[in-house]
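Survey of secondary and tertiary structure
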Amino acid sequence: MVFLYGFALLAGLASAIEPGQNAGLAKAFAQPLLAGVVSLVISIATLALIMLVMGRYGWPGMERLAQVPWWAWLGGVLSAILAVAQLYVSKKIGAASFLGLIVTAGVVTSVLLDHFGLVGFKVHEASVWRLLGGVLMIGGVGLVARF
């Protein structure tokens, strides 16, 4: 279980570094959207390599594909939106403000997703403490962005 928390921390570090990398690629290419495509192609290649190393490759059958909820197919759209935000917004507002906004929006949205049990999450009520945590994060990102 500790490994999972460590991996989540590693993902957090990556989410702070990646916008700068993608923005640097966009600047070098002078084509931000092409840089986004290159970044996503590298992501796909990395995932494919991990699948091979872990022996977790193969395509699911039609029966399994038919069970996928409609909204689950839209994750790629959200990844593209995140990539475009990294390419066009991160350098303009700075790493701390950019990541603070992303993390805060993610936490506040996650509290709502948990509360209503949306997109496959189990219901986890939005207690006063969870709501207070979201409010404090909003205040924190406001301070980071202002100062």
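Scroll up a little and you will see the structure.
Each chain has its residues counted from 1, following the order in which its sequence is written. Local features in this predicted model are restricted to residues of pLDDT 70 or higher, and side-chain atom pairs are both shown and tallied only at a pLDDT of 80 or more, whereas totals for entire chains, interfaces and linings draw on every residue. Here the side-chain values reflect all heavy atoms present in the structure, with hydrogen atoms and water set aside.

Note on aromatic pairs: the rings of Phe, Tyr and Trp (six-membered ring only in Trp) are paired at centre separations within 6.5 Å, and the planes decide the class, stacked below 30 degrees, edge-to-face beyond 60, tilted for the rest. Counted according to the given criterion, the structure contains 1 aromatic pair. Centre to centre, the rings of F3 and F7 are 6.0 Å apart; their planes meet at 25 degrees, and the pair counts as stacked. With F3 and F7 both in helix α1 (residues 2–29) and 4 residues apart, this pair spans about one turn of that helix. On the basis of relative accessible area, F7 is assigned to the exposed category, the value being 52%. Under the scheme used here, helices are H or I runs from DSSP no shorter than 4 residues and strands are E runs no shorter than 2 residues, and both carry numbers assigned from the N terminus. Exposure is judged per residue with a 1.4 Å probe applied to protein chains only, and the accessible area is read against the type maximum: over 50% gives exposed, under 20% gives buried, and values in between give partly exposed.

A cavity here means a set of 1 Å grid points, computed over protein atoms only, where a 1.4 Å probe fits but cannot escape. A pocket is an open set with protein on both sides within 12 Å along at least 5 of 7 lines, and lining residues have an atom within 4 Å of a point. Grid points are joined across faces, edges and corners, and a volume is the space filled by probe spheres set on the points. Taken as a whole, the largest pocket encloses approximately 450 Å³ of empty space. Together, 17 residues line the largest pocket, and A11, A14, S15, E18 and S43 are the ones closest to its centre. Mapped by element, the contributors of at least two residues to the lining of the largest pocket are α1, α2 (32–54) and α4 (75–88). Considering every element that reaches the lining of the largest pocket, the biggest residue donor is α1, with 8 residues. When residue character is reported, Ala, Val, Leu, Ile, Met, Phe, Trp, Tyr, Cys and Pro are called nonpolar, Asp, Glu, Lys and Arg charged, and the others, Gly included, polar. The residue makeup of the lining of the largest pocket, split by class, is 9 nonpolar, 7 polar and 1 charged.

As a further point, take the side chain of N22. Relative to the helices and strands, N22 resides in helix α1. Engagement of the side chain of N22 in a polar contact is seen with the side chain of S39, the distance being 3.0 Å. What qualifies as a polar contact is a pair of N or O atoms within 3.5 Å, subject to a donor-acceptor requirement within protein and to the restriction that residues adjacent in sequence count only when both atoms come from side chains.

Turning to the pattern of salt bridges, a few remarks are in order. The salt bridge criterion pairs a side-chain nitrogen of Lys or Arg with a carboxyl oxygen of Asp or Glu, the two atoms within 4 Å. Per the stated rule, a full pass over the model turns up 1 salt bridge. With a shortest N-O distance of 3.1 Å, D114 and R130 are connected by a salt bridge. Of this pair, D114 sits in helix α6 (residues 95–116) while R130 sits in helix α7 (residues 128–146); the two residues are 16 residues apart in sequence, bridging distant segments of the chain. Residue class for D114 comes out buried when judged on its relative accessible area of 15%. On the basis of relative accessibility, which here comes to 24%, the residue R130 falls in the partly exposed class.

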